[in-house]
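# A closer look at the structure
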Amino acid sequence: MRGAVLHSPGDVRLEQRDDPTIVESTDAVIRTVATCVCGSDLWDYRGVNPVTGPTPMGHEYVGVVEQVGADVELVKPGQFVVGSFFASDNTCPNCLNGYQSNCLHRVPVGAIGSQAEYVRIPLADGTLVATPELPDDAFVPSLLACSDVMGTGWYAAVAAQVRPGQTVVVVGDGAVGLCAVIAAKELGAERIIAMSRHEARQKLATGFGATDIVVERGDEGVARIKEMTGGIGADAVLECVGTQQSMQQALRSTRPGGNVGFVGVPHGVAVDGTEFFFSHVAMRGGPAPVRAFLPDLIERVLSGRIDPGKVFDLTLPLDQVAEGYRAMDERRAVKTLLLP
């Protein structure tokens, strides 16, 4: 099969890779209908994360089940499925507590590489969720978004305990931040302030439910949020970037007693203990337990209630995967969808 492989920073190639097979009796092999490039893939692409050798890429996917292992009972060949970026058994204590991304037996799908024509999914019964029937092509982008960015944006809002009537700030205007706007609206936020300097992303955020746009960043951004909230700060802030500046901005924009949900993969982030202590702000985050949200998110997509697939503003055939990475790296695209 063909699959994307990162050889060194900036060097992604579509190559022939071994066809996936059933390795464990709990595996499934799916034919990918769509996959995509994630903003977190750019950490490797840019060399921020070390690349020590040829590395299969991709952790977001939807597809049709081709084969299942002997112990797989809940998904069957021919079904259209959506899965998370962490494979999970969905039965261990951490899964039952709603944290499938911390499953005691989790397997990172990114280590397998889903930017390919086929992909082996470990722990298939606990990882994959089948749609009631084969979906119309129009739903595929939004279902693909549920595999990561919509689920991650949703978790940011859940972790920040967004409630009806609240004022919510979203830090980050990438695909996750834009999906966090959707989540905040769905959870009943009355005022949603999206922090963005990019006109196209501002329009998407507004279309998804943002009521205000703030272009300032850092201390200026914090001051603007305080000004807009009577000097107090927001009830909830959703941090969707993962840098020192974005985390500080999130913490300092939150009112005493408010909550920060942080889902940006941290790079160089350190929270000052004294500032955190005196802030009276609660913080929760980490890798999103997407599997916990998939049934609900899939239903919202198929009912037409949400359309997170709009974050894909570039669609390319899989053999142009290198251009997909370049476009996102150069901020010519919010998110690239790849069609095998």
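For the structure, check the block above.
A few points on the structure. Because the structure is a prediction, the values reported are computed rather than measured.

Next up on the list: the state of the cysteines. Scanning the model with the defined rule gives 0 disulfides in all. Left unpaired, Cys-92 is separated from the closest cysteine sulfur, that of Cys-95, by 3.7 Å. We note that Cys-146 lacks a disulfide partner, and the nearest cysteine sulfur, in Cys-179, lies 8.1 Å from it. In this structure Cys-146 comes out as buried when scored by relative accessible area, which is 0%.

Our focus in this paragraph is the sheet that holds strand β13 (residues 212–214). The 6 strands are arranged β13-β12-β11-β14-β15-β16 in an open sheet whose pairing can be described as parallel. Only two strands of the sheet have a single partner each, and these edge strands are β13 and β16 (282–285). Taking the axes of each pair of neighbouring strands and ignoring which way they run, one obtains an average angle of 20 degrees across the sheet. Sheet topology places strand β14 (residues 234–239) next to strand β15 (residues 254–262); 5 bridges connect them, and they run parallel. The partner of Glu-239 across the bridge, within β15, is Phe-262. Sitting on the sheet, helix α9 (residues 244–252) touches β11 (167–171), β12 (191–195), β14, β15 and β16, and the angle it makes with β15 is about 145 degrees.

Quick look at empty space enclosed by the protein now. Under the criterion given, the structure shown has 1 cavity of 30 Å³ or more. Considered as a void within the structure, the largest cavity measures approximately 30 Å³ in volume. For the lining of the largest cavity, the secondary structure elements donating two or more residues are α6 (175–186) and β12. The dominant element in the lining of the largest cavity, judged by the number of residues it contributes, is α6, at 3 residues.

Attention now moves to the pattern of salt bridges. Evaluated as defined, the whole model comprises 20 salt bridges. Salt-bridge contacts for Asp-173 lead to Arg-331; the nearest nitrogen and oxygen are separated by 3.6 Å. Residue Asp-173 is located in the loop between β11 and α6, and its partner Arg-331 is located in the loop between α12 (321–329) and β18 (336–339); the two are separated by 158 residues in the primary sequence. For Asp-173, a relative accessible area of 10% gives the class buried. The exposure class of Arg-331 is partly exposed, given its relative accessible area of 43%. Salt-bridge contacts for Asp-235 lead to Arg-255; the nearest nitrogen and oxygen are separated by 2.6 Å. Taken together, the positions of Asp-235 in strand β14 and Arg-255 in strand β15 put the pair 20 residues apart, joining distant regions of the chain. Here the salt bridges do not stand alone but share partners, grouping Glu-186, Asp-296, Arg-300 and Arg-305 into one network.

Let us look at the environment of Val-271. Tracing the backbone through its elements, the reader meets Val-271 in the loop between β15 and α10 (273–279). When its relative accessible area of 41% is taken as the criterion, Val-271 is described as partly exposed. Each C-alpha atom, one on Val-271 and one on Ser-25, is 43 Å from the other, the two residues being 246 residues apart in sequence. Ignoring anything within four residues of it in the chain, the contact list for Val-271 reads Met-247, Leu-251 and Phe-276.

Definitions and limits used
- Residues numbered from 1 in each chain as written.
- Predicted model: local features only at pLDDT ≥ 70, side-chain atom pairs only at ≥ 80, totals over all residues.
- Heavy atoms only, no water.
- Disulfide = S-S within 2.5 Å.
- Buried < 20%, exposed > 50% of the residue type's maximum accessible area, 1.4 Å probe, protein only.
- Pairing = 2+ DSSP bridges.
- Helix = DSSP H or I, 4+ residues; strand = E, 2+ residues; numbered from the N terminus.
- Axes fitted to C-alpha atoms, helices over the stretch in contact; angles between N-to-C directions.
- Contact = heavy atoms within 4.5 Å.
- 1 Å grid on protein atoms, 1.4 Å probe; cavity = no way out; pocket = protein on both sides within 12 Å on 5 of 7 lines; lining within 4 Å.
- Points joined across faces, edges and corners; volume = space filled by probe spheres on them.
- Salt bridge = Lys/Arg side-chain N within 4 Å of Asp/Glu carboxyl O.

These figures come from the coordinates and say nothing about function on their own.
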